[in-house]
Amino acid sequence: MQTFIQTGRQQVQQHTLGVRVLLLTDISNGSTARRLAEFGSLVEVSDDLDDAVATVLDDRFGYDLFVMDCDGFGGIAGAERAIAALIAGDARMRVILISGEFDVPAYPLGRRTAVCLPEDVSDASFRIGFDHVLRDRAALTMN
């Protein structure tokens, strides 16, 4: 498992600061990890589907977001397996799925539905998906 954090590169929405993300990917230094870190997220990377699901389910504090680069893990079928395992473990979290099998970005309105992004999604569309999936997340304030 690797952890990335990067701040100060891009203006971010207040509700997205300090987002804890578990990224399941077969390319640990790829564009998905870079984008998430640029948004000020604390990104933990896993390269094994079963380990990623176990990490989410066993985490005491709870992740804000699960992001999966699906193509390295069986595509959409692999994503369905991961989400089914998370649901079976009673995980309640936001999800972004990224795959070459998606033709266009999908930003569903349901709170328990995944944002789906094509593998070649633009930075702007990725940002829209990130903000959309976190739209109901309350910003933390420390005094």
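As shown above, the structure is provided for reference.
A quick note: this is a predicted structure, and the numbers were derived from the prediction, not measured. (Residues numbered from 1 in each chain as written. Predicted model: local features only at pLDDT ≥ 70, side-chain atom pairs only at ≥ 80, totals over all residues. Heavy atoms only, no water.)

Trainee: Please clarify how the packing of aromatic side chains should be interpreted in this entry.
Mentor: Aromatic ring pairs are reported here in terms of the distance separating the ring centres and the angle at which the planes meet. Taken as a whole, this structure holds two aromatic pairs when the rule is applied. For the ring pair Phe39 and Phe130, a centre distance of 4.7 Å and an interplane angle of 40° mean the geometry is tilted. Of the two residues, Phe39 sits in the loop between helix 1 (31-38) and strand 3 (42-46) while Phe130 sits in helix 4 (residues 123-133), which places them 91 residues apart along the sequence. A residue is classified by how much of its surface remains accessible, and Phe39, at 3% relative accessible area, is buried. An aromatic cluster is defined as three or more aromatic residues linked by ring pairs; in this entry it consists of Phe39, Phe126 and Phe130. The ring of Tyr63 is capped by Arg20, whose NZ or CZ atom sits 4.2 Å from the centre of that ring. Just above the ring of Phe39 sits the side chain of Arg127; from NZ or CZ to the centre is 4.3 Å. (Phe/Tyr/Trp six-rings, centres within 6.5 Å; stacked < 30°, edge-to-face > 60°. Helix = DSSP H or I, 4+ residues; strand = E, 2+ residues; numbered from the N terminus. Buried < 20%, exposed > 50% of the residue type's maximum accessible area, 1.4 Å probe, protein only. Lys NZ or Arg CZ within 6 Å of the ring centre and 35° of its normal.)

Trainee: Looking at this structure, how should I read the environment of Ala54?
Mentor: In this fold, Ala54 is placed in helix 2 (residues 49-58). Judged by its relative accessible area of 33%, Ala54 is partly exposed. C-alpha separation for the pair Ala54 and Ala85, spaced 31 residues apart in sequence, amounts to 9.1 Å.

Trainee: Looking at this structure, how should I read the side chain of Arg94?
Mentor: Within the secondary structure, Arg94 is located in strand 5 (residues 94-99). Engagement of the side chain of Arg94 in a polar contact is seen with the backbone oxygen of Val133, the distance being 3.4 Å. Of the polar contacts made by the side chain of Arg94, one reaches the side chain of Asp136; its length is 3.4 Å. (Polar contact = N/O pair within 3.5 Å; in protein donor to acceptor, adjacent residues only side chain to side chain.)

Trainee: So what exactly am I meant to see when it comes to the pattern of salt bridges here?
Mentor: A pair can form between side chains of opposite charge whenever their charged atoms are brought close. Taken as a whole and assessed by the stated rule, the structure comprises eight salt bridges. Across the salt bridge formed by Arg34 and Glu38, the nearest N and O atoms sit 3.3 Å from each other. Residue Arg34 and its partner Glu38 are both found in helix 1; the two are separated by four residues, about one turn of the helix. By relative accessible area, which is 35% here, Arg34 ends up partly exposed. Of the charged contacts, one joins Arg34 and Asp123 as a salt bridge, the two residues approaching to 3.9 Å between their closest N and O atoms. Residue Arg34 is located in helix 1, and its partner Asp123 is located in helix 4; the two are separated by 89 residues in the primary sequence. (Salt bridge = Lys/Arg side-chain N within 4 Å of Asp/Glu carboxyl O.)

Trainee: Whenever I open this one, helix 2 confuses me. Can you help?
Mentor: Each full turn of the α-helix corresponds to 3.6 residues, which orients residues three or four apart in the same direction. Among the residues making up helix 2, those that are buried are Leu49, Ala52, Val53 and Val56. Taken end-on, helix 2 shows its buried residues confined to a sector of 95°, consistent with a single buried face. The exposed residues of helix 2 that point more than 90 degrees off its buried face are Asp50 and Asp58. Elements in contact with the buried residues of helix 2: strand 2 (20-24), strand 3, strand 4 (65-69) and helix 3 (75-88). For helix 2, the capping residue at the N-terminal end is Asp48, with a side-chain oxygen 3.2 Å from the backbone nitrogen of Asp50. (Arc of directions from axis to C-beta. Contact = heavy atoms within 4.5 Å.)

Trainee: Please explain the nonpolar core as it appears in this structure.
Mentor: For soluble globular proteins, the rule of thumb is that nonpolar side chains tend to be buried together. The biggest cluster of nonpolar side chains holds 21 residues, and the ones touching the most others in it are Leu24, Leu49, Val56, Phe66, Met68, Leu86 and Leu97. Secondary structure elements with two or more residues in this core: strand 2, helix 2, strand 4, helix 3 and strand 5. Once residues within four sequence positions are removed from consideration, Phe66 is found in contact with Leu22, Leu24, Ala52, Val56, Ala82, Leu86, Met93, Arg94, Val95 and Ile96. (Core = buried A, V, L, I, M, F, W, Y, C linked by side-chain atoms within 4.5 Å.)

None of this, on its own, says anything about what the molecule does.
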